[in-house]
Amino acid sequence: MLLSPLHRLGGMTLALASCAALAGPPRSDDAAVAAAMRAAFEAKKQATMDRLEQDETQKLCTHYRDAALPAEVAKKIATANLATVKPPADGKFLGDWKAGEVVAITGTGLQSNDDPTKPNGGNCYACHELAASEMAYGTLGPSLREYGKLRGQDPAVLTYAWEMIYNSNSHAPCSNMPRFGHRGILTETQLKDVMAFLFDPASPVNQPAPKAEP
Amino acid sequence: MQRPGRFQSRVFLAAVLLGLGGAAMGEASVEEEIAEYHAMFGDENPAELWEIRGEELWKSPRGPAKVSLEGCDLGRGPGVIEGVYAQLPRFFEDTGKVQDLETRLVTCMQKLQGLSEAEILAVKFGDGEKKSDLEALSAYIVAASRGHEIQIPMTHPAEQAAYALGEGAFFYRAGPHDFACATCHSEKGKRIRLQTLPQLTTAEGARAAYTRWPAYRVSQGELRTMEWRLQDCLRQQRLPQLRFGSDIAIGLTLYLAKNAEGGSMAAPSIKR
Amino acid sequence: MPDPMRIRAVMMGDVVDVKILMGHVMETGQRKDAEGNLVPAHYIVSVTANCNGKTVMAAEWGPSVSKNPYFSFRFKGGAKGDKLSVTWKDTDGETRTDETTIH
């Protein structure tokens, strides 16, 4: 059954006015889309069918995709995701920045054609600027250049960064950034190494841009 | 007469450069090399090799029925190939389904030539020696839509439903990374590493992308279609394998084609 | 049956400009397929071009040349209307010859 978007969102007005929005038929029912997705895929190696099943966060973020998240929904998502964050077992946030750099550069892991015995990458450079010396960075996320240098290592700062990397939705409901810790993409050691890549004063992230060649 | 070594080194250079992933090289220099490779061709494009083979497959009597595909109706009447891709996907009365180019070709190969679906789909996407007839036929048919304006009237309820499913799939957050197509393709001016990302939700962005597929993918040395492009995106989204010709594959294609309406087809093109 | 070549030969002053698109897998023998099996080497080892009965270009290729090679060269001694033929041979012993007329 096709429901009009206005009806589904309980009368909340959608921002359809922008010229970016294209007129189309009424949106498909969420359940109908989910059912069609299940029927349209088949398992391939480690990419199993359970990956199509949406958790509560994914369902809500799918549902509200082109409307501003209602305040109470945003709060619900942030609270639920914050609750999933586990601090490092030994209480130390910072690992080895060199290993963290490898995690930031590596884009493979969890795809059907990836070797499941190899560690997953975080692929941070896909979306973020990090070390000034690395020009091949993406722009889907904000620049993290000199991240640690600019913020210091106050416990509140470290905690916030840990929570963002462990579960981005704890502070940014429906963020485009994967929930690296909560979804088991990166191990605790890898998360600590990425933290070090961001915060360690010796890390390339915290070095100034190299001087231009004469 | 010129020394053999010089050709080898020139082609070798192109080969080496094309063999490199874009990751560590500046986007400008990768794009430059591909533009240079493209410029060397003039109007040529290795996709032509697929178009030639596709024309042969279209016109040769094949299968148990020993009939060519020249009676195949791709939406503008039996045998008409001019401009058909610019109006696909669309609803077909005889199958009662919304079909894209590839599934329509499968229908024709089954009905006219008596080939089995298993045989036709044995090689969907070519890999070196393993050649895909569907890719070759697609290249040939798509080339006949060059310059044609994309028109997706979407008057049939089944087409509207397919569009709605495609739109739903485009925004469907799933998998360990919570990726939807929209994660990367709903904002303007973004890129992954140094690869610019078209904004597929607007007419401008959708046209820039959709009018240039199918394409000869230099990094693969193969001609690739929208069915390939979609399943490869979904692989990178950490999702399972998108079924060839599924409702979602066709729905997503229709969603993109509709968004690209008014654009002018310019395929097969060349891509990285 | 090997893919046909697309050959274009055009006069530029007194020089013939030749551009050839060849369909060939150019397998190096080092690549693995989707199942992890080594794909056997299969690549062009020699390319020759003849005009008016004379060899105007001879090249030896190796596995570093990319798939579906695009190849161009120039030579003197050809004229509009002449026939130019190009032949390649590969590691499997396969060969392909195609001809064009110089424009």
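Counting restarts for each chain: residues are numbered from 1 in the order of the written sequence. Lettering for chains starts from A, numbering for ligands starts from 1, and both go in the order in which the items are written. Whole-chain, interface and lining totals are the exception, using all residues; otherwise, since this is a predicted model, local features are given only for residues with pLDDT of at least 70 and side-chain atom pairs are given and counted only at 80 or more.

Participant: I tried to follow the overall build of chain C on my own but got confused; where do I start?
Facilitator: Numbering of helices and strands runs from the N terminus, with a helix taken as a DSSP run of H or I at least four residues long and a strand as a DSSP run of E at least two residues long. Secondary structure assignment for chain C yields zero helices and seven strands. Going residue by residue from the N terminus, the α and β elements of chain C occur as β-β-β-β-β-β-β. Reported as C-alpha extents along the three principal axes, the dimensions of chain C are approximately 50 × 20 × 20 Å. Here exposure depends only on C-beta density: within 10 Å of a residue's C-beta, 20 or more other C-beta atoms make it buried, 12 or fewer make it exposed, and intermediate numbers make it partly exposed, the C-beta atoms being placed from the backbone. Counting only residues that meet the buried cut, chain C has 32% of its 103 residues in that class.

Participant: Explain the domain arrangement of chain B to me, please; I cannot follow it from the model alone.
Facilitator: It is common to report an interface's size as the accessible area lost on association of the parts. All names here are of chain B. Domain annotation for chain B reports domain 1 (47-143) and domain 2 (157-271). Using C-alpha coordinates to define each centre, domain 1 is positioned 21 Å away from domain 2. Distance between backbone-placed C-beta atoms decides contact: two residues are in contact if it is within 7 Å. Between domain 1 and domain 2, the residue contacts involve 22 residues of the former and 20 residues of the latter. When contributions to the side of domain 1 that touches domain 2 are tallied by element, the ones reaching two or more residues are α3 (47-59), β1 (90-92), β2 (97-99), α4 (101-111) and α6 (133-143). Ranked by the residues each element gives to the side of domain 1 that touches domain 2, the list is headed by α6, at five residues. By convention here, the domain bounds are inherited from an automatic or database domain assignment.

Participant: Got a minute to help me understand helix α2 (residues 30-40) of chain A in this structure?
Facilitator: Because the α-helix completes a turn every 3.6 residues, residues three or four places apart line up on one side. Taken together, the buried positions of α2(A) are A:V33, A:A34, A:A36, A:M37 and A:A40. In an axial view of α2(A), the angular spread of the buried residues amounts to 165°, which keeps them on one side of the axis. Residues of α2(A) that are exposed and point more than 90 degrees away from the buried face comprise A:A31 and A:A39. Its buried side turned inward, α2(A) meets β1 (41-42) of chain A together with α7 (157-170), β7 (241-242) and α11 (247-259) of chain B. Relevant arc is that of directions from the helix axis to the C-beta atoms, nothing else.

Participant: I'm lost on the interface of chain A and chain B in this one. Help?
Facilitator: Contacts between the two partners involve 46 residues from chain A, matched on the other side by 42 residues from chain B. Going through the elements one at a time, α2, β1 and α3 (56-63) of chain A are the ones with two or more residues in the side of chain A that touches chain B. Broken down by element, the residue count for the side of chain A that touches chain B peaks at five residues, all from α2(A). When the residues that make up the side of chain A that touches chain B are grouped by side-chain class, the tally is 26 nonpolar, 13 polar and seven charged. We treat two strands as partners when DSSP finds at least two bridges between them. Strand direction decides the pairing type here: β1(A) and β7(B), joined by two bridges, are antiparallel. Each residue of the ladder has a partner; that of A:E42, found in β7(B), is B:Q241. Lys, Arg, Asp and Glu make up the charged group, whereas Ala, Val, Leu, Ile, Met, Phe, Trp, Tyr, Cys and Pro make up the nonpolar group; the residues left over, Gly among them, are polar.

Participant: Before we go on, may I ask you to explain the sheet that holds strand β5 (residues 70-76) of chain C in this structure?
Facilitator: Across a sheet, paired strands are connected by hydrogen bonds in the backbone, their directions being either parallel or antiparallel. Residues and elements named next belong to chain C. Overall, antiparallel pairing links the three strands, which are arranged β1-β2-β5 in an open sheet. Every interior strand has two partners, whereas the edge strands, β1 (6-12) and β5, have only one. Each strand of the sheet is rotated relative to its neighbour by a mean of 15°, with strand direction disregarded. Here seven bridges tie strand β2 (residues 15-21) to β5, and the two strands are oriented antiparallel to one another. Bridging across to β5, D17 finds its partner in R74. Here, axes are lines fitted to C-alpha atoms. For helices the fit covers the stretch in contact, and angles between N-to-C directions go from 0 to 180 degrees.

Participant: Sorry if this is basic, but what is going on with the environment of C:I102 here?
Facilitator: For C:I102, the location among the structural elements is in the segment after β7 (95-101). Each C-alpha atom, one on C:I102 and one on C:R74, is 12 Å from the other, the two residues being 28 residues apart in sequence.

Participant: What am I meant to see in the nonpolar core here?
Facilitator: As a rule of thumb, nonpolar side chains are buried together in soluble globular proteins. Think of a nonpolar core as buried Ala, Val, Leu, Ile, Met, Phe, Trp, Tyr and Cys residues, each tied to the set through C-beta atoms within 7 Å. A:M37, B:I141 and B:I248 are the most contacted members of the largest nonpolar core, which totals 100 residues. In this view, A:M37 contacts A:L52, B:A169, B:Y172 and B:I248; residues no more than four positions away in its chain are not counted. Membership of the second largest hydrophobic core comes to 32 residues, among which are A:F93, A:I105, A:Y125 and A:A131.

Participant: So what exactly am I meant to see when it comes to the sheet that holds strand β5 (residues 215-217) of chain B here?
Facilitator: Residues and elements named next belong to chain B. A sheet is described by the order of its strands in space; here three strands give the open sequence β6-β5-β8, paired in mixed fashion. The sheet is open, and its two edges are formed by β6 (222-224) and β8 (269-271), each paired on a single side. Each adjacent strand pair in this sheet contributes to an overall mean axis angle of 35°, direction not counted.

Participant: Would you mind going over α4(B) with me for this structure?
Facilitator: Residues and elements named next belong to chain B. Taken across its eleven residues, α4 has nine buried, putting it largely inside the fold. Taken together, the buried positions of α4 are occupied by L101, E102, T103, R104, L105, V106, T107, C108 and M109. The inward-facing, buried residues of α4 contact β1, β2, α5 (117-120), α6, α10 (226-236) and α11.

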